[in-house]
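So you can see what is in the structure, the chains are spelled out below.
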Amino acid sequence: MSSTPSGTTGSGTPTGTGSAWAAGGTMFAGVLMIVTGIFGIIEGIVALANDEVYTHLGDYTFKFDLTAWGWIHLIIGILVLVAGAAILKGSEAGRIAGVALTCLYVIVHFMWLPYQPLWSIVAILVGVFVIWALCTDRSRPTRP
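Everything numeric in this text was worked out from a predicted model, so none of it was measured. (Residues numbered from 1 in each chain as written. Predicted model: local features only at pLDDT ≥ 70, side-chain atom pairs only at ≥ 80, totals over all residues. Heavy atoms only, no water.)

### As for the pattern of salt bridges
Here comes step 1: Applying the stated rule across the entire model yields 1 salt bridge.
Here comes step 2: For Glu92, the salt bridge goes to Arg95, with nearest N and O atoms at 3.7 Å. Of this pair, Glu92 and Arg95 both sit in helix 3 (residues 92-111), 3 residues apart, roughly one helical turn.
Here comes step 3: Look at Glu92 and you get partly exposed, because its relative accessible area is 44%.
Here comes step 4: Given a relative accessible area of 6%, Arg95 falls into the buried group. (Salt bridge = Lys/Arg side-chain N within 4 Å of Asp/Glu carboxyl O. Helix = DSSP H or I, 4+ residues; strand = E, 2+ residues; numbered from the N terminus. Buried < 20%, exposed > 50% of the residue type's maximum accessible area, 1.4 Å probe, protein only.)

### A few points about the packing of aromatic side chains
Here comes step 1: If you walk through the whole model with that rule in mind, you get 6 aromatic pairs.
Here comes step 2: Between Phe129 and Trp132, the aromatic rings sit 5.8 Å apart at their centres with planes inclined by 35°, giving tilted as the arrangement. Taken together, the residues Phe129 and Trp132, both in helix 4 (residues 117-136) and 3 residues apart, mark about one turn of the helix.
Here comes step 3: By relative accessible area, Phe129 is classed as partly exposed at 28%. (Phe/Tyr/Trp six-rings, centres within 6.5 Å; stacked < 30°, edge-to-face > 60°.)

### Some details on a nonpolar patch on the surface
Here comes step 1: Together, Met27, Phe28, Val31, Val35, Ile38, Phe39, Ile42 and Leu88 make up an exposed nonpolar region whose accessible area comes to about 670 Å².
Here comes step 2: Sorting elements by how many residues they give to the nonpolar patch places helix 1 (residues 17-49) first, with 7 residues. (Patch = residues over 30% accessible without salt bridge, like charges linked within 9 Å, V, L, I, M, F, W, Y side chains within 5 Å. Areas by Shrake-Rupley, 256 points an atom, 1.4 Å probe, with all protein chains shown as cover.)

### Observations concerning the nonpolar core
Here comes step 1: Met33, Trp69, Val80, Val130 and Leu134 are the most contacted members of the largest nonpolar core, which has 19 residues in total.
Here comes step 2: Listing elements by their share of this core, those giving two or more residues are helix 1, helix 2 (66-88), helix 3 and helix 4.
Here comes step 3: It is helix 2 that contributes the most residues to this core, 6 residues altogether.
Here comes step 4: Dropping the residues within four chain positions of it, Val80 is found in contact with Met33, Thr36, Gly37, Leu101 and Tyr105. (Core = buried A, V, L, I, M, F, W, Y, C linked by side-chain atoms within 4.5 Å. Contact = heavy atoms within 4.5 Å.)

### Looking at the confidence of the model for the protein
Here comes step 1: Considering every residue of the protein, the mean pLDDT works out to 80; 70% of them sit at 70 or more.
Here comes step 2: Summarising per-element confidence for the protein, the mean pLDDT is lowest in helix 1 (83) and highest in helix 3 (93). (pLDDT = per-residue confidence, 0-100.)

### A few points about the UniProt feature "transmembrane region" (unreviewed entry) in the protein
Here comes step 1: According to UniProt, the positions carrying the feature "transmembrane region" (unreviewed entry) are residues 21-48, 68-88, 95-112 and 118-135.
Here comes step 2: Within the segment residues 68-88, helix and strand shares are 100% and 0% respectively, and the terminal C-alpha atoms sit 30 Å apart.
Here comes step 3: Between the end C-alpha atoms of residues 118-135 there is a gap of 26 Å, over a span that is 100% helix and 0% strand. (UniProt positions renumbered as here; feature names shortened; annotations may be inferred.)

### Quick word on the packing of helix 3 against helix 4
Here comes step 1: In contact at an axis separation of 9 Å, helix 3 and helix 4 are set at 160° when each is read in the N-to-C sense. The orientation of helix 3 with respect to helix 4, classified from their angle, is roughly antiparallel. Judged by the twist between their axes, the crossing of helix 3 over helix 4 is left-handed. Residues Arg95, Gly98, Val99, Thr102, Cys103, Tyr105, Val106, His109 and Phe110 of helix 3 form the contact with helix 4, whose own contacting residues are Trp119, Ser120, Ala123, Ile124, Gly127, Val128, Val130, Ile131, Leu134 and Cys135.
Here comes step 2: Considered class by class, the residues forming the contact of helix 3 with helix 4 number 13 nonpolar, 5 polar and 1 charged. (Axes fitted to C-alpha atoms, helices over the stretch in contact; angles between N-to-C directions. Parallel < 35°, antiparallel > 145°, perpendicular 65-115°, else oblique. Left-handed = near helix turned anticlockwise from the far one by under 90°. Nonpolar A, V, L, I, M, F, W, Y, C, P; charged D, E, K, R; others polar.)

Structure, rendered in structure tokens:
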């Protein structure tokens, strides 16, 4: 009779298919964070370089100058990129920062809806997947 818990191998790693999906999702989430961080940096640079690139659709509560939006996207893009790289390296701090920064990323893109509605919706959906993947992967051993 084995002394390992059900659903794990002798090394303590989970063998269930749900865990494999979550572990693969975490890797994919790290890659998505790097890509969306790069897109955020590009959005920020474009907004800083030319205020007339983005059109404003209607009257909206969150009125910021496009220069302010440019700095917001640039800074968050850099932070998301760095957190995504830390996740790919296996850093637990990167996972925690990834969840926090992706929550902020989703909120910023909700507020960015009047400028780029389609991209904002896609970015919000990607952010929700990233948060799910980072929160559900339990394949790493926990410390007592």
